[in-house]
Each structure stands twice: as C-alpha cells, then as structure tokens.
Amino acid sequence: MRQVDVWATGSLAGAEITVAFECKRYRRPVAVGTIDEFAGKLQDLGADRGIVYSYSGFTPAAVNRAARAYLPKIQALELPFDAEPYDGPLSSVMPDLSTEPSFYAPVTEDVTAESIRRFLSDGEWIA
C-alpha cells in the first residue's frame, strides 16, 4: 500500500485522469530524494500526474528532477511558509489551469485517441 496526501480523479474526454498530491512542510527545501520517492509512488499507484507542494521551496536538483519526470509528469509548487493551515476549496491552491497549458489542457475541440495518449504521456495537447 502507498499513501499520498490527496488523490484526485476526473474525466477528460471520457478517459479517467488521476492526480496525486503531496504536501511538504520541512524546515529546509525539498531535496531531490523526496521527488524521486514521489515519482516511485506515482508509478506504483498508476497516477497520470503528480503535484508536490512545499512551504520551504525546493533544491535546484529537486526542481530539475520534477521538470524531467516523464511518466508520470510531476509539478513542484512552492507555498508561503507563513501560511496558515488551509481548510477551504482545493481550487484556490491548485495551479491556475489557464497558465499551465503544458500540464493541463482545456478540452474545447474534438478529441481523438491520439490526443488523449499524447496528453497522458507528454503533457502536450494536440487537437
């Protein structure tokens, strides 16, 4: 059994999409080993995407590792360290979908099987 902080599922053009979230509140920036461990969890769980939130930032190696993650893609997002515990809607702490076209893709056109395959494997949207 593997555990993540949040497991989200949704549907994109009839295909189920899964995203795993981890939240880290360390005194030091998240290191590359933590990203490697998260990548392993994502593979074990069969997640399509992963997002790591950190209150203390990320080391340059961790940022590079997350950026190079391929199957599945990983996004590393820094939160302010002085933030209060949050108990509101996820939409206010999730990435802005309109500014992350390589990570999320709005579906407004006809969808093909190749479009879905490419989105899940590369994070790229093709019409």
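Quick look at the structure, then. Model, not experiment: these values are computed from the prediction.

Scoring rules and cut-offs
- Numbering of residues starts from 1 in every chain and runs along the sequence as written.
- The predicted origin of the model limits local features to residues at a pLDDT of at least 70 and limits the giving and counting of side-chain atom pairs to 80 or more, whereas totals for whole chains, interfaces and linings rest on all residues.
- Note that water and hydrogens are dropped before the side-chain values are worked out from all heavy atoms of the structure.
- Going along the chain from the N terminus, every DSSP run of H or I of four or more residues is numbered as a helix, and every run of E of two or more is numbered as a strand.
- The cut-offs for exposure are 20% and 50% of the maximum accessible area for each residue type, with area from a 1.4 Å probe on protein chains only; residues under the lower value are buried, those over the upper are exposed, and the others partly exposed.
- Only heavy atoms enter the contact rule, under which two residues are in contact if any of them lie within 4.5 Å.
- Using a 1.4 Å probe, accessible areas were evaluated by the Shrake-Rupley method; residue-level cover was limited to the displayed protein chains.
- Salt bridge, as applied in this entry: a Lys or Arg side-chain nitrogen positioned within 4 Å of an Asp or Glu carboxyl oxygen.

**Considering the overall build of the chain**
Within the chain, the regular secondary structure consists of 3 helices and 4 strands. The secondary structure elements of the chain, listed N-terminal to C-terminal, are β-β-α-β-α-β-α. Burial status across the chain gives 37% buried among its 127 residues. Residue pairs in contact within the chain that sit at least 24 positions apart in sequence constitute 61% of those at least 6 positions apart. Accessible area of the chain: about 7700 Å², with a carbon and sulfur share of 54%.

**Topic: the pattern of salt bridges**
Side-chain pairs of opposite charge can arise where the charged atoms are in close proximity. In this structure the tally under the stated criterion is 3 salt bridges. Residue Lys 41 pairs with Glu 22 through a salt bridge whose shortest N-O separation is 2.8 Å. Remark: Glu 22 occurs in strand β2 (residues 15-24) and Lys 41 occurs in helix α1 (residues 32-45); sequence separation between them is 19 residues. Each member of the pair, Lys 41 as well as Glu 22, carries the same accessibility label: buried. Notably, a salt bridge pairs Arg 65 with Asp 36, separated by 2.5 Å at the nearest N-O pair. Linking Arg 65 in helix α2 (residues 60-68) with Asp 36 in helix α1, this pair joins segments that are 29 residues apart in sequence. In this structure Asp 36 comes out as partly exposed when scored by relative accessible area, which is 36%.

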